[in-house]
Amino acid sequence: SSPATPPDDVMELLAEVSCDVKNDSSDPLFKALSAGAWVEAMNSVWSSIVNFSDDFSSDAVTRVVQELCEWRHSMDQHDNALVALGAFVFAIPDRYQGTDLSNIADETCNTILEVYDSHKFAEPDAAAFALGFVGKRYARSMNLDLVRGIMGRLEGIHSFSGCYGLAMIAQVFSSSLDSMSKTDHSGKAACAIVGTISSILMSKFHSCMRKPNPRVLNLIACLKTGSGDDLDLTKSMLEVPQTDLIVEDNLRVQMKGILISLAVALPALRHLDNDLLAAACSLAAKCPWGVGKGYVLGSAYKLQLNLPLEEMRDLYSECVDAVAGAESGAPYDDALFAAIAFEKFLPQDEKRSDEIMSSIRRVVDGNEFSPDVRAAATLAICTHFGSIPLLSGNSYLYANTKKSSLETAVTSLTNMLSDPNESRRCTDMAAVALGMFCRMKFPRKGVVFRPSKVTDPQTSDIPLARDSTLLRKLLDLIEEGLANSESDQRVSLLISCISRVPLPGDFSFLAKKSFNQVNTERGTGTINAAFLRLLIAQIEIERHSGSNRSEFISLSIYVAKRPPAEFWSLFESTGGAVNQFMAATSTFLLRWPSGIIDELLMNLWSISCFEISNRRSFQSAKSLLLSIAATLQCYNIEDQSTAKSGRCKKSSGLLSPVALKSIRRLLIVEVFPSLVHVMPKLSSTGNNDPTRTNDEKEEMQGN
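**Student:** Go over the overall build of the chain with me, naming the residues and quoting the values.
**Tutor:** When helices and strands are counted, the chain shows 34 helices and 4 strands. Put simply, the chain has 703 residues, and 55% of those count as buried. Pairs at least 24 apart in sequence give 72% of the contacts found in the chain among residues at least 6 apart. Of the accessible surface of the chain, which amounts to about 30,600 Å², a share of 52% is contributed by carbon and sulfur atoms.

So this is what it looks like as structure tokens:
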């Protein structure tokens, strides 16, 4: 749907389509696509709610939830309604434009859990997908106890969908841990959950092997504990006999589902232990083709782009040779997907791209292949031209896509769709592939990432805007400036020029790279200050742009979690930007996950105390406390307005009860005792310090 489509029209269309959805395929790949389709559909519903009216209200969200609940009773597909509910609660944020949506989402999640616990799901696949979506929401909000409860339910579903539900939870942690420290309590707990999920999936993998293997059992134990215990696990996995990894025909589908789930979950292991990730990839690489190992390799090797170019070429050639050698119609569709993935890691080569398309056409047109394999190859056409919402969360065309090649692919899919002699599985997948092409956004029509010509890692992945626009010119100047060691002030000014422009979420990665680089020779303080102000501006303009700011919100969490000494080493010479960051706490509190607000507020206060004790300044503490006071004042005004109008507070409250409790704890347990303890000492020593200026002494007296 277009962003301006009324939500009621979108829901009417989905209701009509939902009646035709049949989960009758045994192939895990198609089941995973079904789950991704529900996510895409509910994202469209949320977008229509946000963009159709300038006056956002939680009533629109409530109406969607009520209509989805009505589907359960008015439609034959009772389970599809519950899967849609789960996808919708993950699509909506906890808060939007000051409106608390967490209560609506929590009630909906409880409804799904009650249906599952009372055994009212007709199909285990639908139950697992619905639970997986609920688990994804809990993981995003860092409600780890609730996540563990969902994991326990999913582990009891002995099918691909149970594994995939666990993998979806790990995928959320893979993203959220980018903005967290592994030394934080919540970061450690999230990493432990990732290890537990990986060990569960690897145990199911081991159960499909021809016979038990002590080396694989050792890997499972290490995943569960989260440590390799200084063992060379990768070498150990390479010593697993390939005869042990042969999969019996009756277990091939089960193994394929497990490996697809591992492809989604394993990237999160990089936050736990890179050795564990490398060992799991090495074990998967030893599996035979046709059981799903290609999905793991294509996903996991994206995290190991430091591999020698020759090794990447060898991996690509191995995949292509596997497809070419499948003369008997062997189901080597996973080799095809892996070849496409590796081809994207290598330098652009038109001949290699044609070779990939030739391999795809060979499988699609080959009558010796089963309908499922040919349908998977049909889907591979999409992955050759762009990303799909299966192993990644976005859907876009690659920047080097040629219009003529794309037109040829679309024509081929259209012909397949209209061929009366074609199998039902292939025609269905052709329709799905065409729909995915419609969903993809062409890079030149928006702001996307491309590899930079500059070798400085800080300047890689500069966004690329549409040609002949002012934004394109500014971004080109920023790239040029970041490569020049003498242009920090100029770059900072250019960054400030685009700070109020709604930027793509991926731009936050460029800011994060700057924050991670403490280059004293370069003097990155002014650039970090500019990026910090841009971060604040991007989050504050959410209500005006209507765009998703989740990446910038994650970056604000990353900054707020820095240890005090590290924080001030990054922004030591940028007191003004730090004060603006502290002053923006009132904005952050409405967007940060409730489960980590307590931890973030405590750390922000520790950062302020560091400035008080080491720099004898109260500026950051003053900005932080004034921002919190403004938040509480707004909440009190909203509370009084709610009481007078008789509206339900849960739909209009600015802060969640958890956030209010965290603020109360901060003020009573930390702030007041700290000030009582520190103020007398600073007052007595600071005013007698001959090195302090009169303005600094007046500031201390005023504070």
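**Student:** Tell me about the packing of aromatic side chains, and please be specific about residues and values.
**Tutor:** Each aromatic ring pair is described using two quantities: the centre-to-centre distance and the angle formed by the ring planes. Taken as a whole and judged by the stated rule, the model has 10 aromatic pairs. Note on Phe385 and Phe437: the rings are 6.1 Å apart at their centroids and 65° apart in plane angle, and the pair reads as edge-to-face. Of this pair, Phe385 sits in helix H18 (residues 371-385) while Phe437 sits in helix H20 (residues 424-439), and the two are 52 residues apart along the sequence. For the pair shown, Phe385 and Phe437 are each scored as buried.

**Student:** Lay out the packing of H18 against H20 with the relevant residues and their values.
**Tutor:** Closest axis-to-axis distance for the H18/H20 pair is 8 Å, and the angle between their directions is 10°. Taken together, the axes of H18 and H20 are roughly parallel relative to one another. Handedness of the H18/H20 crossing: right-handed. Seen from H18, the contacting residues are Pro371, Asp372, Arg374, Ala375, Thr378, Leu379, Ile381, Cys382 and Phe385; seen from H20, they are Arg425, Cys426, Met429, Ala430, Ala433, Met436 and Phe437. For the contact of H18 with H20, the per-class residue count stands at 12 nonpolar, 1 polar and 3 charged.

**Student:** Give a detailed account of the environment of Leu251, specifying residues and quantitative values.
**Tutor:** Tracing the chain through its elements places Leu251 in the loop between helix H11 (233-238) and helix H12 (252-265). Note: C-alpha distance between Leu251 and Met209 (42 residues apart in sequence) is 9.0 Å.

**Student:** Before we move on, can you summarise the nonpolar core with the specific residues and values?
**Tutor:** Membership of the largest hydrophobic core comes to 222 residues, with the highest contact counts inside it found for Met42, Trp46, Phe88, Phe173, Phe205 and Trp592. The leading source of residues in this core is helix H2 (residues 28-52), at 13 residues.

**Student:** Go over a negative patch on the surface, please, and point to the residues and values.
**Tutor:** On the surface, a cluster of negative charge is contributed by Asp8, Asp9, Glu12 and Glu16. Along the chain, Asp9 turns up in helix H1 (residues 7-18).

**Student:** Give me helix H6 (residues 124-140): which residues, what numbers.
**Tutor:** Here H6 spans 24 Å end to end across 17 residues, near enough to the 24 Å set by a 1.5 Å rise per residue. For H6, a buried count of 15 out of 17 residues is recorded, marking the element as mostly surrounded by other parts of the structure. Phi turns positive one or two residues past the end of H6, at Met142, with a value near 60°.

**Student:** So, unusual backbone geometry: which residues are in play, and what are the values?
**Tutor:** At His119, a residue that is not glycine, the phi angle is positive and equals roughly 60°. A relative accessible area of 73% means that His119 is categorised as exposed. The phi dihedral of Met142 is positive, around 60°, even though this residue is not glycine. In this structure, Met142 sits in the loop between H6 and helix H7 (144-155). For Met142, a relative accessible area of 7% gives the class buried.

**Student:** Please provide a residue-by-residue account of helix H15 (residues 309-324), values included.
**Tutor:** End to end, H15 covers 23 Å across 16 residues, agreeing with the expected 22 Å (1.5 Å per residue, within 8%). Those residues of H15 not exposed but buried are Met312, Leu315, Tyr316, Cys319, Val320, Ala322 and Val323. The buried side chains of H15 occupy one side of the element, clustering within an arc of 160° when seen end-on. Among the exposed residues of H15, those oriented more than 90 degrees off its buried face are Glu310, Asp314 and Asp321. Residues of H15 that are buried in the fold lie against helix H16 (333-345) and helix H17 (350-364).

**Student:** Can you break down the pattern of salt bridges residue by residue, with the values?
**Tutor:** When their charged atoms lie close together, side chains carrying opposite charge are able to pair. Here the structure, examined in full by the defined rule, presents 14 salt bridges. Glu566 is the salt-bridge partner of Arg562, the closest N and O atoms lying 3.7 Å from each other. For Glu566, a relative accessible area of 34% translates into the label partly exposed. Via salt bridges that share partners, Asp94, Asp106 and Arg137 belong to a single interconnected network.

**Student:** So what's going on with the packing of H17 against H18? Residues and values would help.
**Tutor:** For the pair H17 and H18, interaxial distance at closest approach is 8 Å and the crossing angle is 160°. Between H17 and H18, the crossing angle belongs to the class labelled roughly antiparallel. When you trace H17 past H18, the crossing you get is left-handed. Contacts between H17 and H18 involve Ser353, Ile356, Met357, Ile360, Arg361, Val363 and Val364 from the former and Val373, Arg374, Ala377, Thr378, Ala380, Ile381, His384 and Phe385 from the latter. Its residues assigned to classes, the contact of H17 with H18 comprises 10 nonpolar, 3 polar and 2 charged.

Rules and cut-offs
- Residues numbered from 1 in each chain as written.
- Predicted model: local features only at pLDDT ≥ 70, side-chain atom pairs only at ≥ 80, totals over all residues.
- Heavy atoms only, no water.
- Helix = DSSP H or I, 4+ residues; strand = E, 2+ residues; numbered from the N terminus.
- Buried < 20%, exposed > 50% of the residue type's maximum accessible area, 1.4 Å probe, protein only.
- Contact = heavy atoms within 4.5 Å.
- Areas by Shrake-Rupley, 256 points an atom, 1.4 Å probe, with all protein chains shown as cover.
- Phe/Tyr/Trp six-rings, centres within 6.5 Å; stacked < 30°, edge-to-face > 60°.
- Axes fitted to C-alpha atoms, helices over the stretch in contact; angles between N-to-C directions.
- Parallel < 35°, antiparallel > 145°, perpendicular 65-115°, else oblique.
- Left-handed = near helix turned anticlockwise from the far one by under 90°.
- Nonpolar A, V, L, I, M, F, W, Y, C, P; charged D, E, K, R; others polar.
- Core = buried A, V, L, I, M, F, W, Y, C linked by side-chain atoms within 4.5 Å.
- Patch = residues over 30% accessible without salt bridge, like charges linked within 9 Å, V, L, I, M, F, W, Y side chains within 5 Å.
- Salt bridge = Lys/Arg side-chain N within 4 Å of Asp/Glu carboxyl O.
- Lys, Arg positive; Asp, Glu negative; His and termini not counted.
- Charge placed at Lys NZ, Arg CZ, Asp CG, Glu CD.
- Expected span 1.5 Å × (residues − 1).
- Arc of directions from axis to C-beta.

Note that all results are geometric; they support no functional claim without further evidence.
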